[in-house]
Amino acid sequence: MLTEKKYISILASLPDKPGVYEFVDLYGKIIYIGKARNLKKRVSSYFAKNQSGKTTVMLKKASDIRHIVVDNESDALLLENNLIKRYQPTYNILLKDDKTFPWICVKNERFPRVFSTRNVVRDGSLYFGPYTSAMMVKTLLTLVRQLFKLRTCNLNLTAENIAAGKFKPCLEYYIGNCKAPCVGWQTEEDYNESIVQIKEILRGNLITVTEHLKEQMKEFSTRLGFEEAQMMKDKIDILTRYRSRSAVVSNTIRDVDVFAFTQDGTRCYVNYLKVVEGAVAQTFTLDMRSKLDEDRETLLGFAITEVRTRFSSDSSEIIVPFKPDFQLIKVKYTIPKMGEKLKLLELAERNALYYRLEQRKKLLEHRPEARTGKNLEKVKNDLHMPDLPVHIECFDNSNIMGANPVAACVVFRNGKPSKKDYRHFNIKTVTGPDDFSSMEEVIYRRYKRLIEEGKQVPQLVIVDGGKGQLASAMKSIDKLNLRDRITIIGIAKRLEEIYFPGDSVPIYLDKNSYSLKLIQQIRNEAHRFGINFHRDKRSSGMTRSELDNIKGIGPKTKEILLKNFDSLEKIKETPGDTLEKLIGGSKAAIVIRYLKN
């Protein structure tokens, strides 16, 4: 933590100039980066007044303050932005990762390729974006390929490789999509002229490109190159049609950036509209998270710097809802009160609000309870149920040749196991291996008890088995008058067929569907639970001994005898005084009497 003596010393060394300051912790790690018109005044404000809880925590962790002096406020804003992205300090504004958004890349190479990508590689290539709509990227690339013949291959087109004749024209050349620079049939100068026009299009400067094409058309016409002039005219028509589909918002506003701001707790959304020649050429929403309760002016200033840097914008006018905390050089901030500029700002505000609502909706959809409801709705629709299956039960029988017959009932609530509600059943009225009668007994006992106790019956009952088990279960359901209150199905293991009462033809659910996977999970859980119970019961039967039949001999005495003697024969052969020492005189007499009889 900064001592009073140390921060007084630091403040004394700070200049009254614009710059960037850094709070550094004990280990030399930068924990916060800020900008200032006046470094001395801004840094001293942290120690001169009460701060928010988060800022107080940050100050306690700081052990030093460093600073960088710059020439003006604009440079401070840019430097702060770059340093935050480089060091990602703990307490700075957090930008949502935009790696999933598509970009259009103009590759840094001879005869540059133009393509879409989601990975930005810092190799000197020029990236336009990010675009929130993949369709927008596709539309722009389609426009570029209609206007210009570019290569799509990834060959290394160095002058040496082309001169050595290492390459041959591919299909793209023969169908008219490329001029084959790989074999020297297109000069680098001609190719790069197309790239210059493409960059202008991607920046939204369609009129500049159109004027250039018109000049070329006139030049070709003057030289009687009517075919080439017609090609230029076709390109102009394509650009005109594309611009007519763009959102033309004004005939008087030429080149402005529009920023709208909305906040939802610590989440902030800034929508950006780039207006070129009266049409919206680019739109993007920046998603930020406030860490130190920054005011909205600071957040908007940070967003403007970030977005203008990303999109290489140099518009001299920025339309904003309120003035940000920093003034950019040669940039005019406009806060409109009426007219077309106000309509532009309202459009950006609607975009920001829609984005905010969309993010909130996504957040709600990703909550477990929302996913559960959505998934259970799928089960309801797939099984044609009247109600949402929030309570599901599944039954499974288990026996070996009729020995130790048991059944298991597992309960799922909201798609998750409710193990406290699991139940075991010992089959009481059925003798021998009769799965159908066992299922009928268990279903009747389970739901008769729930009715008597006034408890809610499930919306869905799953029977592990086919038509026979399902028909037996329905006998009990009908006896209890539950047919209209419960949906009951049977699942046959071989092909995972789903049977409904009274229908001999099964249905087959999609093997990748949530409904089938949930039914399989519940069936397998019932099988596991039943098998474990049957195994335990079988094991206890196998560990029974003749000693269990002797009245007056309890588990402790039985355990002592079994530890010391391997069989009843050895106990019979043991002298009475030895038994007395082990289990006492009275119990020894009971054992000896029983064995003699």
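Report follows, based on the coordinates.

So, how was this worked out
- Residues numbered from 1 in each chain as written.
- Predicted model: local features only at pLDDT ≥ 70, side-chain atom pairs only at ≥ 80, totals over all residues.
- Heavy atoms only, no water.
- Helix = DSSP H or I, 4+ residues; strand = E, 2+ residues; numbered from the N terminus.
- Rg over C-alpha atoms; globule rule 2.2 N^0.38 Å.
- Contact = heavy atoms within 4.5 Å.
- Areas by Shrake-Rupley, 256 points an atom, 1.4 Å probe, with all protein chains shown as cover.
- Lys, Arg positive; Asp, Glu negative; His and termini not counted.
- Charge placed at Lys NZ, Arg CZ, Asp CG, Glu CD.
- Buried < 20%, exposed > 50% of the residue type's maximum accessible area, 1.4 Å probe, protein only.
- Pairing = 2+ DSSP bridges.
- Right-handed = clockwise from strand over helix to strand, strands pointing away.
- Axes fitted to C-alpha atoms, helices over the stretch in contact; angles between N-to-C directions.
- Core = buried A, V, L, I, M, F, W, Y, C linked by side-chain atoms within 4.5 Å.
- Arc of directions from axis to C-beta.
- Salt bridge = Lys/Arg side-chain N within 4 Å of Asp/Glu carboxyl O.
- Patch = residues over 30% accessible without salt bridge, like charges linked within 9 Å, V, L, I, M, F, W, Y side chains within 5 Å.
- Polar contact = N/O pair within 3.5 Å; in protein donor to acceptor, adjacent residues only side chain to side chain.

1. What to know about the overall build of the protein chain
Each helix and strand in the protein chain was counted, giving 20 helices and 19 strands. In terms of C-alpha radius of gyration, the protein chain reaches 40 Å, well past the compact-globule figure of 25 Å for 597 residues. In terms of overall dimensions, the protein chain has C-alpha extents of about 130 × 75 × 60 Å along its principal axes. Put simply, 60% of the contacts in the protein chain that link residues at least 6 apart link residues at least 24 apart. Here the protein chain displays about 32,500 Å² of accessible surface, and carbon together with sulfur accounts for 51% of that area. The average position of the 100 basic charges and that of the 75 acidic charges among the side chains of the protein chain differ by 3 Å.

2. Looking at the environment of Gly584
Locating Gly584 in the fold gives a position in the loop between helix H19 (576–583) and helix H20 (585–596). Residues Gly584 and Thr557 lie 27 residues apart in sequence; the distance between their C-alpha atoms is 9.6 Å.

3. Here we look at the pairing of strand E17 (residues 460–464)
Counting buried residues in E17 gives 5 out of 5 residues, a clear majority hidden from the surface. Alternating positions in E17 separate into two faces, Leu460, Ile462 and Asp464 on one and Val461 and Val463 on the other, with burial throughout. Here E17 pairs with strand E18 (residues 487–492) via 5 bridges, running parallel. Bridge assignment links Leu460 to a residue of E18, and that residue is Thr487. Each parallel crossover has a hand, and the one from E17 via helix H15 (residues 467–479) to E18 is right-handed.

4. Focus on the sheet that holds strand E5 (residues 103–106)
Spatially, 3 strands are ordered E6-E5-E7 in an open sheet, and the strand pairing comes out antiparallel. Looking at strand neighbours, the two that pair on one side only are strand E6 (114–117) and strand E7 (126–128), the edges of this open sheet. Looking at each pair of strands side by side, their axes are set apart by 30 degrees on average, direction ignored. Direction of pairing for E5 relative to E6: antiparallel, over a ladder of 4 bridges. Counterpart to Ile104 in the pairing with E6 is Ser116. Contacting E5 and E6, helix H5 (residues 134–147) crosses the sheet at an angle of about 170 degrees to E6.

5. Things to note about the sheet that holds strand E2 (residues 30–36)
Within the open sheet, the 3 strands sit side by side as E2-E1-E3. Their pairing is antiparallel. Across the chains shown, the open sheet's two edge strands, defined by having one partner strand only, are E2 and strand E3 (62–69). On average, adjacent strands in this sheet sit at an angle of 20 degrees to one another, irrespective of strand direction. Here strand E1 (residues 19–25) runs beside E3; their pairing, made up of 7 bridges, is antiparallel. Residue pairing in the sheet places Val24 in a bridge with Asp64 of E3. Contacts from helix H2 (residues 39–48) reach E1, E2 and E3 within the one sheet, and its direction differs from that of E1 by about 35 degrees.

6. Notes on the nonpolar core
Phe259, Met288, Ile304 and Ile318 are the most contacted members of the largest nonpolar core, which has 33 residues in total. Going through the elements one at a time, E1, E2, helix H4 (73–87), strand E8 (255–264), strand E9 (267–276), strand E10 (279–289) and helix H11 (296–310) are the ones with two or more residues in this core. Here Met288 is in contact with Ile93, Leu94, Leu95, Thr266, Arg267, Cys268, Val270, Leu299, Phe302 and Ala303, once residues within four sequence places are set aside. Within the second largest apolar cluster, 31 residues are counted, among which are Val106, Phe111, Val114 and Ala180.

7. Thoughts on helix H1 (residues 4–13)
Those residues of H1 that fall on the buried side of the exposure criterion are Tyr7, Ile10 and Leu11. Down the axis, H1 shows its buried residues gathered within 100 degrees of arc, on one side only. Projecting away from the buried face of H1 at angles above 90 degrees are the exposed residues Lys5 and Ala12.

8. Here we look at the pattern of salt bridges
Enumeration over the complete set of coordinates arrives at 26 salt bridges. Arg37 is the partner of Glu73 in a salt bridge, and the nearest nitrogen-oxygen pair spans 3.4 Å. Of this pair, Glu73 sits in helix H4 while Arg37 sits in the loop between E2 and H2, and the two are 36 residues apart along the sequence. Owing to a relative accessible area of 23%, Glu73 belongs among the partly exposed residues under this scheme. A salt bridge links Glu109 to Arg113, with the shortest nitrogen-to-oxygen separation between them at 2.8 Å. Here Glu109 falls in the partly exposed class, since its relative accessible area comes to 25%. One salt-bridge network, held together by shared partners, links Lys35, Glu80 and Asp325.

9. Re a nonpolar patch on the surface
On the surface, a nonpolar cluster with roughly 370 Å² of combined accessible area is contributed by Leu171, Tyr174 and Ile175. Take Ile175: it is sitting in the loop between helix H7 (171–174) and helix H8 (188–202).

10. Focus on the environment of Arg356
Position of Arg356 relative to the elements: it lies in helix H12 (residues 339–365). Owing to a relative accessible area of 18%, Arg356 belongs among the buried residues under this scheme. Residues Arg356 and Ile104, spaced 252 residues apart in sequence, show a C-alpha to C-alpha distance of 25 Å. Filtering out sequence-adjacent residues up to four positions away, Arg356 remains in contact with Thr262, Gln263, Asp264 and Tyr269. At 2.9 Å, the side chain of Arg356 and the side chain of Thr262 are in polar contact.

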